[in-house]
Amino acid sequence: MDLNKSFGEMAFNKHMMRERLPHAIYFRWKNAIRNEAPLDRETADGIAHAMKEWALEKGATHYCHWFQPLNGLTAKKHDSFLDRTDKYEPIYRFSGKELIRGESDGSSFPTGGMRSTFEARGYTYWDATANSFIIDRILYIPTIFVSFNGDKLDKKGPLLESMKLLSDYGSRVVNLFEKEEYTYRMKPKVGLEQEFFLIDRKQYEERSDLKSIGRTLIGAGAPKGQELGDHYFGGIPRRVMDFYEDVNQKLWELGIYAKTEHNEVAPGQFEIVALYENANIAVDYNQLIMSTLKETAGQHGMACLLHEKPFAGVNGSGKHDNYSLTTNYGKNVFDPGDNPKENITFLLFLAAMIEAVDDYAPLLRVASGGPSNDDRLGGLEAPPSIISMFLGNDLEEILKDIAHDEYHAKIEVPKEIKINSLGYTPRDSSDRNRTSPFAFTGNKFEFRMVGSSMTGADANIVINTALGHSLRKMAERLEPFKEDEDALRKEAYRLVAEIVRDHERIFYSKDNYASEWREEAERRGLPIYDSFFEALSAYKDKKLMAIFDEYGVISEEEADAIYEVGMEAVSVHHFLEARTLMTMLSKDVEPAVVSELNDILNVTGRLENPALDDRLETLNTLFEELLVRHKKLKASYAKGKTLTGYERARYFQEEISTQIPHIRKICDELEARISRKHWTIPTYEDIFTRLV
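Since the model is a prediction, treat every value here as computed from it, not as a measurement. Note on numbering: residues in each chain are counted from 1, in written sequence order. Thresholds applied to this predicted model are a pLDDT of at least 70 for local features of residues and 80 or more for the giving and counting of side-chain atom pairs; totals over whole chains, interfaces and linings are not thresholded and use all residues. Each side-chain value is derived from all of the structure's non-hydrogen atoms; neither hydrogens nor water enter the calculation.

### A word on the overall build of the protein
Using the following cut-off: Numbering of helices and strands runs from the N terminus, with a helix taken as a DSSP run of H or I at least four residues long and a strand as a DSSP run of E at least two residues long. Throughout, exposure labels follow a simple rule: accessible area from a 1.4 Å probe, protein chains only, divided by the maximum for the residue type, with under 20% read as buried, over 50% as exposed, and the rest as partly exposed. Residues count as neighbours in contact if any of their non-hydrogen atoms are within 4.5 Å of one another. Under the counting rule used here, the positive set is Lys and Arg, the negative set is Asp and Glu, and His together with the chain ends is not counted. Note that the charge is assigned to NZ on lysines, CZ on arginines, CG on aspartates and CD on glutamates.
A count of helices and strands for the protein gives 23 helices and 18 strands. Projected onto its principal axes, the C-alpha positions of the protein cover 100 × 85 × 60 Å. Residues classed as buried in the protein amount to 54% of the 692 residues present. Long-range contacts, defined as pairs at least 24 residues apart, comprise 73% of the intrachain contacts of the protein with a sequence gap of at least 6. Here the protein holds 89 positive side-chain charges and 112 negative ones, and the gap between their average locations is 3 Å.

Pasting the structure below:
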């Protein structure tokens with residue numbers, strides 16, 4: 001198989017541009033994305049023509065500007081290549097203007113109040129660094145989305161701005177110490193691990209909660225869940241293997257390097273991992289992976305659940321964000337090398353990340369996901385909603401040795417690993433801590449808090465901007481010493497020592513799942529937000545948000561809009577959960593209880609059976625409590641609908657969401673006592689065993 005010809009055949013990538021474009025136009029495009037120079041009209045028209053001809057050859061009939069609004073989803077509208085001449089004859093047209101800019105409705109998407117209904121104009125602008133691609137005869141053109149006034153209405157615009165500032169200030173720091181090559185650009189490289197559930201489509205269709213909100217609001221535990229640990233990395237069911245085969249084929253055609261796939265811990269849970277890409281490309285590809293998973297599951301008679309906590313009592317799903325940073329010539333500045341203590345470039349970037357994570361922890365908490373992620377975080381399957389950092393014993397010891405004169409590093413020499421018949425057994429320099437939210441894993445960081453249904457953009461916007469800000473301060477402090485190499489290195493070590501002393505409160509190498517950690521975190525003064533709703537207050541903290549405005553990543557007005565969109569997301573999330581639960585109670589649960597009670601009453605009237613009488617009384621007591629709580633939820637729901645803004649979000653978060661677990665507990669107890677004849681909702685046992 002010729003990989004160069006078949007891989008990415010539906011993507012208008014760099015290889016295709018080099019092949020299709022005149023050399024002068026290709027060179028001007030490459031110069032534009034490398035130096036962020038504007039594209040001239042001739043170059044844009046040349047690229048548009050080549051893109052159109054390629055797309056028509058591949059069977060495309062329409063194109064769309066594909067963008068990522070503030071709700072974290074994707075959006076598009078289709079426009080045909082078909083046009084007509086002055087003589088009303090059909091012709092295929094696609095100009096540079098149409099490639100670079102499109103128009104959409106700027107008020108119907110989430111804007112947080114930046115746009116009124118009557119201010120409808122919004123624009124999409126081509127992200128020239130991202131590959132266009134074809135799906136179902138549509139040419140997709142990745143774009144950013146802005147309002148008529150230039151306000152960012154999407155996730156990609158801030159992400160690209162954050163990448164630029166990180167590149168600018170990171171390059172200045174690298175060039176102080178790395179003399180063999182000149183760094184003119186740095187790129188954050190991101191690898192996103194995507195966890196998800198697959199369930200039988202028929203059972204999905206029979207549960208209102210899964211169809212409406214993607215998670216089960218009621219459901220007693222199955223006789224067998226994940227207790228045996230037999231699903232994790234186990235044999236992939238044939239039905240799922242066929243599904244993966246189709247997913248891989250679709251991603252292959254799009255040029256997405258889907259590298260790893262396996263069973264996850266919970267029954268019916270799986271994972272797919274793509275190779276590292278530039279941060280904006282990685283986010284694009286992850287959106288495509290999520291949509292491909294959902295579409296392909298439907299084609300195989302299954303449903304793909306991306307919700308962070310579809311089922312109680314088993315692990316939920318995350319989207320681990322693996323993050324590294326490289327120069328234009330491929331140097332990974334987070335690679336410690338053979339002697340980390342002498343690798344000053346590594347130490348500086350490591351220190352910058354430590355400072356960034358500690359200073360902007362509240363924003364990382366918000367960026368980890370929306371209200372649907374609250375049920376997963378801290379559930380003995382994901383890090384708690386407290387930001388800490390794991391560096392590994394050796395690195396932490398080295399940093400403390402640098403920071404404290406009286407400290408002497410205690411680095412353990414690892415025992416030799418002996419494997420029969422293998423003369424060379426490579427090993428990592430440190431262990432992993434899967435309970436840590438922000439862990440160093442050899443030559444990269446892994447941010448483990450991001451929710452499976454969330455966009456990968458938010459976390460990387462925060463990391464890029466905060467890290468870039470720290471690197472700017474470093475560059476400004478160190479550059480006055482650049483003519484004296486010895487003085488420069490001494491000042492660099494002093495700077496690393498200061499940062500470690502100021503921020504070592506976030507170092508934690510033990511079990512983040514343990515209750516002791518919360519007490520310790522409170523003692524250290526670390527910010528703790530138990531809900532997305534609480535964490536959103538960070539967007540109102542002008543001190544925290546100042547750097548985003550200063551660097552043009554997110555303006556003060558845009559930050560206010562993100563806050564409002566977040567508050568609306570909280571309201572809508574709990575609003576839909578309450579409405580869905582009330583529907584299930586009225587149409588499924590309560591009728592099932594009545595039927596069960598009728599069956600028992602038909603027997604108790606004809607014989608004496610104290611045990612049966614007790615069962616009847618228990619069911620009736622549970623049913624009475626359920627009806628009372630159902631009535632209360634209806635009243636609370638009606639009141640919540642009358643509120644607006646922050647008060648509405650607060651009410652749904654604090655009043656309505658807290659009622660749902662109580663109702664769930666009653667329903668689950670009823671399910672355990674009601675016969676299969678009357679309990680018609682697919683149970684956890686049904687769902688977990690259907691794919692095998």
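### A few points about helix α20 (residues 610-641)
Quick note on the threshold: Take the number of residues in a helix, subtract one, and multiply by 1.5 Å to get its expected span. Under this definition, polar contacts are N or O atom pairs within 3.5 Å; protein pairs additionally need one hydrogen-donor-capable and one acceptor-capable atom, and for neighbouring residues in sequence, both atoms have to be side-chain atoms.
Under the 1.5 Å per step criterion, the end-to-end length of α20 is 47 Å for 32 residues, consistent within 8% with the ideal 46 Å. By the burial criterion, the buried members of α20 are L612, L616, L619, L622, F623, L626, H630, L633, S636, Y637 and G640. Between a side-chain oxygen at the N-terminus of α20 and the backbone nitrogen of A611 the separation is 3.1 Å; the capping residue is N609.

### Observations concerning the pairing of strand β11 (residues 258-263)
Quick reminder of the rule: Here, a strand pair is defined by DSSP locating no fewer than two bridges between the strands.
With 5 bridges connecting them, β11 and strand β12 (residues 269-274) associate as antiparallel partners. Looking at the pairing, T260 lines up with V273 of β12.

### Regarding the packing of aromatic side chains
Test applied: In this scheme Phe, Tyr and Trp rings, the latter by its six-membered ring, pair at centre separations within 6.5 Å, and the angle between planes marks the pair as stacked below 30 degrees, edge-to-face above 60, and tilted otherwise.
Scanning the entire structure with this criterion turns up 34 aromatic pairs. Ring geometry for F67 versus F145: centroids 4.5 Å apart, planes at 40°, classification tilted. A residue pair is termed long-range when its members are at least 10 positions apart, and F67 in the loop between β2 (62-66) and β3 (78-80) and F145 in strand β9 (residues 138-147) qualify at 78 residues. As far as the burial class goes, F67 and F145 line up, both buried. Judged by centre distance (6.2 Å) and plane angle (35°), the ring pair of F196 and F270 falls under tilted. You can see F196 sitting in strand β10 (residues 186-200) and its partner F270 sitting in strand β12, a full 74 residues away along the chain. For the pair F196 and F270, a shared accessibility class is recorded, and that class is buried. Each residue in the set F334, F346, F438, F440, F445 and F447 is aromatic and connected to the rest through ring pairs, giving one cluster.

### Quick notes on the domain arrangement of the protein
What counts, and what does not: Start and end positions for the domains come from either an automated domain assignment or a database one. Defined in terms of a 1.4 Å probe, buried area is the accessible area two parts forfeit on being brought together, summed over both. Whenever Lys or Arg places a side-chain nitrogen within 4 Å of a carboxyl oxygen from Asp or Glu, that contact is recorded as a salt bridge. Classification used: nonpolar for Ala, Val, Leu, Ile, Met, Phe, Trp, Tyr, Cys and Pro, charged for Asp, Glu, Lys and Arg, polar for all others including Gly.
Per the domain assignment, the segments making up the protein are domain 1 (3-153), domain 2 (161-214 + 230-554) and domain 3 (569-689). Relative placement of domain 1 and domain 2: their C-alpha centres are 30 Å apart. Facing the 24 residues of domain 1 at the interface are 21 residues of domain 2. In total, domain 1 and domain 2 occlude about 1,800 Å² of area from one another, counting both sides; carbon and sulfur atoms represent 55% of this. Connecting domain 1 to domain 2 are 0 salt bridges. There are 11 residue pairs in polar contact (both at pLDDT 80 or more) connecting domain 1 and domain 2. Only α1 (3-6) and β8 (132-135) provide two or more residues apiece to the side of domain 1 that touches domain 2. By residue number, the principal contributor to the side of domain 1 that touches domain 2 is β8, which donates 3 residues. For the side of domain 1 that touches domain 2, the per-class residue count stands at 11 nonpolar, 7 polar and 6 charged.

### Quick word on the packing of helix α19 (residues 556-604) against helix α22 (residues 660-673)
The test is simple: Axes here mean lines fitted to C-alpha atoms, for a helix over just the part in contact, with angles spanning 0 to 180 degrees between N-to-C directions. Orientation is classified from the angle alone, with under 35 degrees giving roughly parallel, over 145 giving roughly antiparallel, 65 to 115 giving roughly perpendicular, and any other angle giving oblique. Less than a right angle of anticlockwise turn of the near helix away from the far helix marks a crossing as left-handed, whereas a clockwise turn marks it as right-handed.
At a minimum axis distance of 11 Å, the contact between α19 and α22 shows a crossing angle of 30°. As the angle between them shows, α19 and α22 are arranged roughly parallel. Our pair here, α19 against α22, has a crossing hand that is left-handed. Residues E577, A578, L581, L585, V589, V593 and E596 of α19 pack against I660, I663, C667, L670 and R673 of α22. Here the contact of α19 with α22 is composed, by residue class, of 9 nonpolar, no polar and 3 charged.

### Structural notes on the packing of helix α11 (residues 344-359) against helix α14 (residues 457-478)
Contact geometry of α11 with α14 gives a least axis separation of 8 Å together with a crossing angle of 125°. Judged by the inter-axis angle, α11 sits oblique to α14. Considering the relative orientation of α11 and α14, their crossing is right-handed. Contacts between α11 and α14 involve L348, F349, A351, A352, M353, E355 and A356 from the first element and I463, A466, L467, S470, L471, K473, M474 and L478 from the second. Along the lines of polarity and charge, the residues of the contact of α11 with α14 split into 12 nonpolar, 1 polar and 2 charged.

### Focus on the pattern of salt bridges
Enumeration according to the criterion identifies 46 salt bridges in this entry. For D200, the salt bridge goes to R239, with nearest N and O atoms at 2.9 Å. With D200 in strand β10 and R239 in helix α9 (residues 238-254), this pair connects stretches of sequence that are 39 residues apart. Overall, D200 belongs to the buried group, its relative accessible area being 6%. Two residues, R664 and D668, come together in a salt bridge whose shortest N-O distance is 3.3 Å. Placement of both R664 and D668 in helix α22 is noted, with a separation of 4 residues, approximately one turn of the helix. Side by side, R664 and D668 carry an identical accessibility label, which is buried. Put simply, R477, E491, R494 and E498 are held in one network by salt bridges that share partners.

### Regarding the environment of L364
For L364, the position within the fold is in helix α12 (residues 361-367). On a C-alpha basis, the gap between L364 and L275 in space is 23 Å, while along the polypeptide they are 89 residues apart. Each residue touching L364, except ones within four places of it in the same chain, is listed here: V357, I387, F438, F447, A459, V462 and I463.

### Some points on the environment of N175
Turning to its location among the elements, N175 is positioned in helix α6 (residues 156-177). Remark: the alpha-carbon pair of N175 and L391, spanning 216 residues in sequence, is separated by 25 Å. In this structure N175 touches E181, Y182 and T183, once residues within four positions along its chain are discounted.

### Some details on a positive patch on the surface
Threshold: Put simply, a patch holds well-exposed residues, over 30% relative accessible area, that have no salt bridge, with like charges counted together within 9 Å and Val, Leu, Ile, Met, Phe, Trp or Tyr side chains within 5 Å. Residue burial considers only the protein chains on display, and all accessible areas are found by Shrake-Rupley using a 1.4 Å probe.
Taken together, the side chains of K14, R18, K30 and R34 define a basic patch exposed on the protein surface. Only α2 (14-20) and α3 (23-35) provide two or more residues apiece to the positive patch. Tracing the backbone shows R18 in helix α2. Residue R18 is classed as partly exposed on the basis of its relative accessible area, which comes to 45%.

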